[in-house]
Amino acid sequence: MPKISTKGQQMPESPIRKLVPYAEGAKKKGHKVYHLNIGQPDIKTPEVALNAIKNNTIETLEYSHSAGFESYRTKLSNYYKNHGLPINTEDIIITTGGSEALLFAMGSTMDNGDEIIIPEPFYANYNGFSTASGVNVVPVISTIDEGFALPPISAFEKLITPKTKAILICNPGNPTGYLYSKEEILQLAEIVKKHDLFLIADEVYREFIYDGDEHFSVMNVPGIEENAIMIDSVSKRYSMCGARIGCIVSKNKEVMSTAMKFAQARLSPPTYAQIASEAALDTPQSYFDDVINEYKERRDTLISELNKIDGVKVATPKGAFYCIAKLPVKSADDFAKWLLDSYDNNGETVMVAPAAGFYSTPNVGLDEIRIAYVLKKEDLVRSVEILKDALTKYNK
């Protein structure tokens, strides 16, 4: 039998999706499953985006430019400028989701065997993108005791080798919800300049900031124009995960011309999704005000309820819509399977994401889970009630 590639064998499973068969099994038993495992918002997509599709009269579904519609890139540039980011049309390439933007970034800046430093826990697919690109992840651990703040710069310095090409951050973070301060971003800017590295910032959750804090982008740092690469997406901002539209942004012309070769190789991003994404830029500010208020209330509800459970530790997120919770169990992975396979509370259970899959360091985060607070407040209260009861029964 022909053999599967080594790269294919090394591709990690998604810690978010690998429990799907267990959830399907629970549903076949007639159990209701509260999905806390995946960042799929229940917020409605802006009508202006949906109407752009419904009312379109396209007769031939043509390729777009490989960089995406110029009209969309120009409008997106204006959106960024209105948010204080000095980004021009030529600094943007539209991609098939933020995922493709990350693949373009890695492919444009790193060779096989090169290294990328990432504070962990991190978005699990960074492991997959790195494996697909032949790049080695070098983790620097942030901890729940420190609220998942940026590790000391000295910790980064110790990890830099001749193979190091970039530092990758998610700001605000998935899975922690941590928001990097301006001072932390400036510290990272200083180290990438000192060691001639790229600073790749996944900023897809920039709108979701709470408690009066402000997001500080790598694109706002003077002096690292040649180092900074920003990743963005419409998925969470407009609750348009299925559109699969993102972008790679950089002032570095060599990076962008190289990324364009990857963009040309996949021909073009999807036309209808670009039409919807361009229209979404006309979404009124009131939409975001309502969404952010809703997520803040959900966050406050979730954290308050989790703090009532003995043995559970949780860091309060400052952005995005995730948190990491430390549970009084040895294996969150086994517990997550048990919740779906062997437990119910009056016919209901919850699905969570074991957090070990958000680390690349072995045997770290084994007792942690990621929770996405993308459900309405009543469902979050009920989910934590189920979780509390389950922990009592599981530990007997």
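Scroll up a little and you will see the structure.
Values in this document were obtained by computation on a predicted structure and should not be read as measured data.

Requested: an account of the overall build of the chain, with residues and values cited.
Looking only at helices and strands, the chain has 13 helices and 13 strands in total. Its C-alpha radius of gyration of 21 Å places the chain within 12% of the 21 Å reference for a compact globule of 396 residues. With the C-alpha coordinates of the chain rotated into their principal frame, the extents come out at 60 × 60 × 55 Å. Across the 396 residues that make up the chain, the buried fraction comes to 56%. Relative to all contacts within the chain whose residues are 6 or more apart in sequence, the contacts with residues 24 or more apart total 76%. Split by element, the accessible area of the chain, about 17,300 Å² in all, is 50% carbon and sulfur.

Before we move on, could you go through the sheet that holds strand S13 (residues 368-372) and cite the residues and values that matter?
One open sheet accounts for four strands, arranged S9-S10-S13-S12; its pairing is antiparallel. Every interior strand has two partners, whereas the edge strands, strand S9 (313-314) and strand S12 (353-354), have only one. Pairing of strand S10 (residues 322-326) with S13 involves five bridges; the strand directions are antiparallel. Opposite Ile324, over in S13, you have Arg370 as the bridge partner.

Help me get a handle on the pairing of strand S8 (residues 246-249), residues and values and all.
The side chains of a regular strand alternate, residue by residue, between the two faces of the sheet. The two faces of S8 match: Gly246 and Ile248 on one face and Cys247 and Val249 on the other face are all buried. Pairing geometry for strand S2 (residues 92-95) and S8, over four bridges, is antiparallel. When the bridges of S8 are listed, Thr95 appears paired with Gly246. With four bridges joining them, strand S7 (residues 228-233) and S8 adopt antiparallel strand pairing. Across the sheet, residue Met230 finds its bridge partner in S8, namely Val249.

Give me the pairing of S10: which residues, what numbers.
Within S10, four of the five residues are buried, leaving the element largely enclosed by the surrounding structure. Bridge count between S9 and S10: two bridges; the pairing is antiparallel. Note on S10: the bridge partner recorded for Val314 is Ala325.

A description of the nonpolar core should follow, citing residues and the corresponding values.
Of all hydrophobic cores here, the largest spans 105 residues; its most connected members are Leu76, Tyr80, Ile167, Tyr295, Leu306 and Phe321. The greatest single-element share of this core, amounting to eight residues, is contributed by helix H11 (residues 285-306). When residues no more than four places from it in sequence are discounted, the contact partners of Leu306 are Val312, Val314, Cys323, Ile371, Val384 and Leu387. Listed in part, the 29 residues of the second largest apolar core include Met106, Ile116, Tyr123 and Leu168.

Could you give me a rundown of the side chain of Arg206, with the residues and numbers involved?
In this structure, Arg206 sits in the loop between strand S6 (198-202) and S7. The buried category is assigned to Arg206, whose relative accessible area is 8%. A distance of 2.8 Å separates a polar atom in the side chain of Arg206 from a polar atom in the side chain of Glu203. Side-chain polar atoms of Arg206 contact the side chain of Asp232, separated by 3.1 Å.

How would you sum up the packing of aromatic side chains? Please name residues and give values.
Evaluation of the coordinates by the stated rule reveals 17 aromatic pairs. Ring centres of Tyr205 and Phe321 lie 5.4 Å apart, and the angle between their planes is 90°; on these two criteria the pair is classed as edge-to-face. Note that Tyr205 is positioned in the loop between S6 and S7 and Phe321 in the loop between S9 and S10, a separation of 116 residues in sequence. Here Phe321 falls in the buried class, since its relative accessible area comes to 0%. An aromatic cluster is built from Tyr205, Phe208, Tyr295, Phe321 and Tyr322, whose rings are joined through pairwise contacts.

Residues and numbers for a nonpolar patch on the surface, please.
Taken together, the side chains of Ile53, Leu61 and Tyr272 define a hydrophobic patch exposed on the protein surface, amounting to about 260 Å² of accessible area. With respect to the helices and strands, the residue Tyr272 is situated in helix H10 (residues 271-280).

I'd like a rundown of the packing of helix H12 (residues 332-341) against helix H13 (residues 377-394), residues and numbers included.
Packing of H12 against H13 brings their axes to within 11 Å, and their N-to-C directions diverge by 110°. Comparing their axes, H13 and H12 come out roughly perpendicular. Here H12 contributes Asp334, Phe335, Trp338 and Leu339 to the contact with H13, which in turn contributes Leu387, Ala390, Leu391, Lys393 and Tyr394. Residues belonging to the contact of H12 with H13 are distributed by class as follows: seven nonpolar, no polar and two charged.

An account of the pattern of salt bridges is needed here, citing residue identities and associated values.
The tally for this structure, following the rule as stated, stands at 25 salt bridges. With a closest N to O distance of 2.5 Å, Glu207 and Arg237 form a salt bridge. One end of the pair, Glu207, is in the loop between S6 and S7; the other, Arg237, is in the loop between S7 and S8, with 30 residues separating them in the sequence. For Glu207, a relative accessible area of 11% gives the class buried. Glu305 is paired through a salt bridge with Lys308; the nearest N and O atoms lie 3.0 Å apart. On the accessibility criterion, Glu305 (19% relative accessible area) is buried. Put simply, Asp42, Glu294, Glu297, Arg298 and Lys377 are held in one network by salt bridges that share partners.

Calculation notes
Residues numbered from 1 in each chain as written. Predicted model: local features only at pLDDT ≥ 70, side-chain atom pairs only at ≥ 80, totals over all residues. Heavy atoms only, no water. Helix = DSSP H or I, 4+ residues; strand = E, 2+ residues; numbered from the N terminus. Rg over C-alpha atoms; globule rule 2.2 N^0.38 Å. Buried < 20%, exposed > 50% of the residue type's maximum accessible area, 1.4 Å probe, protein only. Contact = heavy atoms within 4.5 Å. Areas by Shrake-Rupley, 256 points an atom, 1.4 Å probe, with all protein chains shown as cover. Pairing = 2+ DSSP bridges. Core = buried A, V, L, I, M, F, W, Y, C linked by side-chain atoms within 4.5 Å. Polar contact = N/O pair within 3.5 Å; in protein donor to acceptor, adjacent residues only side chain to side chain. Phe/Tyr/Trp six-rings, centres within 6.5 Å; stacked < 30°, edge-to-face > 60°. Patch = residues over 30% accessible without salt bridge, like charges linked within 9 Å, V, L, I, M, F, W, Y side chains within 5 Å. Salt bridge = Lys/Arg side-chain N within 4 Å of Asp/Glu carboxyl O. Axes fitted to C-alpha atoms, helices over the stretch in contact; angles between N-to-C directions. Parallel < 35°, antiparallel > 145°, perpendicular 65-115°, else oblique. Nonpolar A, V, L, I, M, F, W, Y, C, P; charged D, E, K, R; others polar.

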